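# Structural characterization, general
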Amino acid sequence: MSHEFEELWTQYLEGELDEAGFASLQNLLASDSDLLVRAGDLYEEHRLLGFALQPFDDEQFVQDAVSIVENDGQQFIGNVISELSREPKAFAGGTESRATQSDPAANAVRPFQKRNWQQSFLAVAVAASILFGALAWFLADRANEPGGRGSIAESINGVPVPVRYIATVLLEDNCNWGSSNSPAEGQRLSLRTLDLKSGLAVIRFDGGAELVMSGEASLRLRSAGSAELLLGDVVVRAEQGAEGFVLTTPTSEVIDLGTEFAVKVNRVGDTEVHVLDGEVSYRPIDAANELAKILQAGEGIAIDRSGLPRAVPMDSPRFQEFIRRVNPRSRSDLLAAYEGFNYSPGILPLEQSTVGIGWKGPWRKRMPSEQIQPDTDSSPDHFEIVQGQMNVSWPVPGGRLGALKLSGGGVYYVRPLKKAIELDREGVTFLSLMLRETKRPSNRRDHKERLRLTLRSSGDYYGEVISFGHGPRYRPTVQTGAGVWQSSPQTLPAEQTTLWIGKIVSHKEGDDEVYFRVYGEEDVLEYAEPSIWHVVTREVDLKAHLDLVLLSSEGTTDRIVDELRIGPTWRSVAPILEKEQ
């Protein structure tokens, strides 16, 4: 699929396509019917990915998917066919081309009218693809428990077997793991056993439950909603929406009923269950036919190898108490790159923009070969540095010591990284950027406001990319190579300071994962990454080495940006309020 079509179709979906681009899109679709099918696929991805990895009710989701995608998809395709069937216009000083005005034959046979039956067939096919693709995607994804889409990392008799990612490491504190393949903060976890020798780790399952393991502990991850404790102490917190988490031990099965509970397993397999809040059901592991019994908050029970239960006093710290003891702190020492724009107020030539860490050179304008799309560029040869123009509610110096003002127009600045983000290997990268728009235009369609933080490759500038930002509708958006982009249905808060945080999980084989979340001035940042992101990608497989950072601002609005951070963990890029001990 051509780069021209990717850009034109993206602009069309975002409502940013002008008349000249509209005419070009008409001609492309008229000349290649495969592009119309691909356009429907891209629309399907955009429309459905708003549901990705967000809490929902299974039955209600199916009903909503059928209703929304069927109606909206058919209406959308119909609108596209109808609108693109208009006469293409050639613009020169705002007038139609001479052929259109004077030649009756030019109006008699139009590309889209000539292929009307083909369009109708394609429209139905695309609409059906959207509907049934949505349901197939949903059902296939749910069949093997909720979780991340697989990476191909193993094979059986030469046949690749997808690995299901079912959990995430939220926090790691002084951990000593028994395996050389030790997990790290932010890492996605598949079916495996975690052998902790010492320290503390917090795991979030994709089903919503969170588990803290401390000291010596062995935990086998079974699915997005279940695990097996072989040894040690854990505390599970399953808040609303995460009920039903199952934890088995050598002697018992414990099912969460919307609660917080602790489980201890000693070396001979004896189990203790302590209910800290809510209630749980339990039964001996070898008594599947027995009715489960209920434990209430404040109750504890021990089950030995013989399966005999006995009451014990409740004796376990709460989940939040473990976090308080650790007191998670910022890890800015891990930053791979940092730009704080800490210059004196005023005009700064680009060649002098050399501060920060992790950069291969100063900021620069786009080179001619990088100006294909868009082909206009009003970037000045200098930075305008300002101070005190951000309302910063997070514990960072952003906006106070210096910030970059991006004036209205098409402004694009590039800075090379010392170390590329390599998407062809296993890795986790977090990014953050603080910004403020000075004024939000009332007529968004006319002004076409857009702001993006994009990662590109110096070896293939217009190849695979990862871009975080917003379009004229001010919705959080992620774009990943090949014209694939996904947006959130939420609208960014107007005329206030926001904090953007992105996460990239790259896999050597299989799908990568990209996450994006925008925080407003009233939002609180926790010690670890959120359970719900505004955008979560699906079916993205990238192999590029991204070593260029591109800041782009388009429209009439002046914007203030600051505190650009790139690091391996949430705590390396997120401003965390550290509590006194």
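Definitions and cut-offs
- Each chain has its residues counted from 1, following the order in which its sequence is written.
- Residue-level local features of this predicted model are given only where pLDDT is at least 70; pairs of side-chain atoms are given and counted only at 80 or more, and the full residue set underlies all totals for whole chains, interfaces and linings.
- Remark: hydrogens and water are excluded; side-chain values derive from all non-hydrogen atoms of the structure.
- Salt bridges are identified by distance alone: a Lys or Arg side-chain nitrogen within 4 Å of an Asp or Glu carboxyl oxygen.
- In this text, helices come from DSSP runs of H or I with a minimum length of four residues, and strands from runs of E with a minimum of two, each type numbered from the N-terminal end.
- Whether a residue is buried, partly exposed or exposed follows from its accessible area with a 1.4 Å probe, protein chains only, as a fraction of its type maximum: under 20%, in between, or over 50%, in that order.
- Paired strands, in this sense, are two strands between which DSSP finds at least two bridges.
- This arc describes the spread of directions from the helix axis toward the C-beta atoms.
- Pairs of residues are marked as contacts when any of their non-hydrogen atoms sit within 4.5 Å.
- In summary, the pairing rule links any two rings of Phe, Tyr or Trp, Trp by its six-membered ring, whose centres are within 6.5 Å, and it sorts them by plane angle into stacked for under 30 degrees, edge-to-face for over 60 and tilted for everything else.
- Any pair of nitrogen or oxygen atoms within 3.5 Å is treated as a polar contact; in protein, a donor-acceptor pairing is required on top of that, and neighbouring residues in sequence qualify only through side-chain atoms on both sides.
- In these notes, a set of buried Ala, Val, Leu, Ile, Met, Phe, Trp, Tyr and Cys residues joined through side-chain atoms within 4.5 Å is what counts as a nonpolar core.

Per an unreviewed UniProt entry, the recorded name for the protein chain is FecR protein domain protein, and the organism is Rhodopirellula europaea SH398.

This part covers the pattern of salt bridges. Summed over all chains, the structure comprises 26 salt bridges. We note a salt bridge from R571 to E185, for which the minimum N-O separation is 2.5 Å. Taken together, the positions of R571 in helix α11 (residues 570-573) and E185 in the loop between β3 (167-177) and β4 (188-189) put the pair 386 residues apart, joining distant regions of the chain. Both residues of the pair, R571 and E185, count as buried.

Two faces make up the sheet, and in a regular strand the side chains alternate between them. Of all 7 residues in strand β11 (residues 271-277), 5 are buried, a share of seventy percent or more. Pairing between strand β10 (residues 259-265) and β11: 6 bridges, direction antiparallel. Counterpart to V263 in the pairing with β11 is V273. From the end of β10 to the start of β11, which pair antiparallel, there are 5 residues, and G269 there has a positive phi angle of about 95°. With 4 bridges joining them, β11 and strand β14 (residues 300-303) adopt antiparallel strand pairing. Bridging across to β14, H274 finds its partner in G300.

Right, let's get into helix α9 (residues 319-326). Among the residues making up α9, those that are buried are F319, F322, I323 and V326. The arc enclosing the buried residues of α9, seen along the axis, measures out at 95°, which places them on a common side. Its buried side turned inward, α9 meets β3, β5 (193-205), β6 (210-223), β7 (226-238) and β10. Downstream of α9 by a residue or two, N327 has a phi angle that is positive, lying close to 50°.

It is worth spelling out the packing of aromatic side chains at this point. In total, this model carries 13 aromatic pairs according to the counting rule given. Aromatic pair F341 and F383: ring centres 6.0 Å apart, planes at 65°, arrangement edge-to-face. Of this pair, F341 sits in the loop between β16 (337-339) and β17 (346-349) while F383 sits in strand β18 (residues 382-386), and the two are 42 residues apart along the sequence. When its relative accessible area of 1% is taken as the criterion, F383 is described as buried.

On to the environment of I303. Residue placement: I303 occurs in strand β14. When the C-alpha atoms of I303 and E272 are compared, they prove to be 6.3 Å apart, with 31 residues separating the residues in sequence. Residues in contact with I303, not counting those within four places in the same chain, are T251, S252, D270, T271, Y282, L308 and P309.

With that settled, the discussion passes to the side chain of E449. Secondary-structure assignment places E449 in the loop between α10 (444-447) and β22 (450-456). Here E449 falls in the buried class, since its relative accessible area comes to 0%. A polar contact is formed between the side chain of E449 and the side chain of T557, at a distance of 3.1 Å. In terms of polar contacts, E449 uses its side chain to reach the side chain of R559, at 3.0 Å.

Nonpolar side chains in soluble globular proteins tend to be buried together. In terms of nonpolar packing, the biggest core is built from 42 residues, with W363, F383 and V549 touching the most fellow members. A per-element tally of this core places strand β20 (residues 411-422) first, with 4 residues. Leaving out residues up to four positions away in the same chain, V549 has contacts with W359, W363, Y413, V414, R415, L417, L453, T454, L455, L564 and I566. Judged by nonpolar contacts, the second largest core, of 36 residues, contains I203, M213, A224 and A227.

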